[in-house]
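Close look at the chain arrangement
Single-letter residue listing:
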Amino acid sequence: MVQASWVRLPYVGSGVAVVLLAVAFAVLKIQAMDFTQDIRPGELAHEAGGDSIWRHPVLLAGAVGIFVYVGAEVSIGSFLVNYFALPQIADFTEKTAAKYVSLYWGGAMVGRFVGSWLLTKVKTSTVLSSAAVVACGLVAISILTHGHTAMWAILAVGLFNSVMFPSIFTVGLSGLGALTSKGSSLMVAAIVGGALIPLAEGHLAQGMNLFAQGAAACGQSGQRERAGEALRRMKVLSPTDTTVLLRLGELYLELGRLHESEQELRGASTDWEHGEKK
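Quick caveat, the model's predicted, so the values are computed rather than measured.

Next up on the list: the confidence of the model for the chain. Averaged over every residue, the pLDDT of the chain is 75; the share at 70 or more is 64%. Contacts of residues 233–237 to residues separated by more than four positions or lying in other chains number 12 contacts, the stretch itself having pLDDT below 50.

Below, the structure written as structure tokens:
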């Protein structure tokens, strides 16, 4: 507990400093700086026709994209150690898993350099859409498979995530003209997704763990119907988890529901065989 409090203090201090800085900027009257007006003509002029950033759907979509992308990138990186420790994925120790996490962030660095070159040859929107489709596909592969296939698929996401931020930023700000500064401020603010989405994912993971603990407790106390309900909820959240399918099949067998037991055990066997082959 003492060590945890020491780790927490720097973050609390940084948060307080940022809040004080925000208050200072809100209170102080800072004059508009026009020394870069030559490279952004018209941006410091009054908004024509009462235009607003909220009237530009591409910008708003870009802000949502930044929010979700940063959140997803941080979430994946934060939970990889626990993910690789799962028996059906890699069954790594924390020390071994941590070494593989560096490949995720290393891939993001390599992808950023390759992406910088690629963006000089290919249209930004094309690079962005292609990288997004591949990243989503890799996440889907990792969810639907087991073993090292699932592990390497999720690690490869970092490579394709790398071009997201600059590409979304560029596409979102295109055509804003005098609203470019305000639009970029909105895009930067959307980075808060990197704090909120991992928090939500943590609560989801904790909820799944609570379902598992509840199922075990209900099974031990003889409340098999309640244990079955907890396991069914876990199956919805993680439909390919072999452990959940096996426990659910055993529970149905204990309850005399032979047909349902056979279905769950057959599904667990199929998933396990696929994982072994991969």
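That shown, we press on.
Let us look at unusual backbone geometry. Of note, the phi angle at D91 is positive, near 55°, even though the residue is not glycine. Note on D91: relative accessible area 53%, which makes it exposed.

To continue, consider helix α4 (residues 124–144). In a regular helix each residue adds 1.5 Å, so 21 residues correspond to 30 Å; α4 covers 30 Å between its end C-alpha atoms and thus fits that length. Buried residues belonging to α4 abut α2 (57–84), α3 (94–118), α5 (147–161) and α6 (164–173).

On the surface, M109, V110, F113, V114 and L159 cluster together into a nonpolar patch covering about 490 Å² of accessible area. Sort the elements by how many residues they give to the nonpolar patch and α3 lands first, with 4 residues. Topologically, F113 is positioned in helix α3. Judged by its relative accessible area of 63%, F113 is exposed.

The next subject is the packing of aromatic side chains. Applying the stated criterion across every chain yields a total of 6 aromatic pairs. Taking the centre distance of 4.9 Å and the plane angle of 80° together, the rings of Y104 and W105 count as edge-to-face. For Y104, a relative accessible area of 0% gives the class buried. Arranged with centres 5.7 Å apart and planes meeting at 25°, the rings of F165 and F169 form a pair that is stacked.

What follows covers the packing of α2 against helix α7 (residues 180–189). Where α2 meets α7, the axes come as close as 8 Å, and the angle between the chain directions of the two elements is 25°. Here α7 runs roughly parallel to α2, going by the angle between their axes. For the crossing formed where α2 meets α7, the hand is right-handed. Together, L59, L60, G62, A63 and I66 of α2 and G183, L186 and M187 of α7 make up the contact between the two elements. Each residue belonging to the contact of α2 with α7 can be placed in one class, and the counts come to 6 nonpolar, 2 polar and no charged.

Quick notes on the rules
In this numbering scheme, every chain counts its residues from 1 along its sequence in written order. Where local features are concerned, this predicted model is filtered to residues with pLDDT of at least 70; where side-chain atom pairs are given and counted, the filter is 80 or more; whole-chain, interface and lining totals use all residues. Only hydrogens and water are set aside when side-chain values are computed; all heavy atoms of the structure are taken into account. The predictor's confidence in any single residue is recorded as pLDDT, a number from 0 to 100. Residue contacts are counted whenever heavy atoms from the two residues lie within 4.5 Å of one another. Note on classification: 1.4 Å probe, protein chains only; a residue is buried when its accessible area is under 20% of the maximum for its type, exposed when over 50%, partly exposed between these limits. Each helix corresponds to a stretch of at least 4 residues labelled H or I by DSSP, and each strand to a stretch of at least 2 residues labelled E; elements are numbered beginning at the N terminus. The span expected for a helix works out to 1.5 Å for each residue beyond the first. Residues enter patches when they are more than 30% accessible in relative terms and free of salt bridges; like-charged ones are connected within 9 Å and nonpolar ones (Val, Leu, Ile, Met, Phe, Trp, Tyr) within 5 Å. Shrake-Rupley sampling with a 1.4 Å probe provides the accessible areas, and residues are treated as covered by the protein chains on show and by no other component. Here, a salt bridge means any side-chain nitrogen of Lys or Arg that lies within 4 Å of a carboxyl oxygen of Asp or Glu. Aromatic pairs are defined between Phe, Tyr and Trp rings, using the six-membered ring for Trp, whenever the two ring centres lie within 6.5 Å; interplanar angles under 30 degrees are classed as stacked, those over 60 as edge-to-face, and all others as tilted. Under this scheme, a helix contributes an axis fitted over its contacting stretch, all axes are lines through C-alpha atoms, and angles between N-to-C directions fall in the 0 to 180 degree range. We call two directions roughly parallel when the angle between them is under 35 degrees, roughly antiparallel when it is over 145, roughly perpendicular when it lies between 65 and 115, and oblique otherwise. Crossings are sorted by hand: turned counterclockwise from the far helix by less than a right angle, the near helix makes the crossing left-handed, and turned clockwise it makes it right-handed. Charged means Asp, Glu, Lys or Arg here, nonpolar means Ala, Val, Leu, Ile, Met, Phe, Trp, Tyr, Cys or Pro, and polar covers whatever is left, Gly included.

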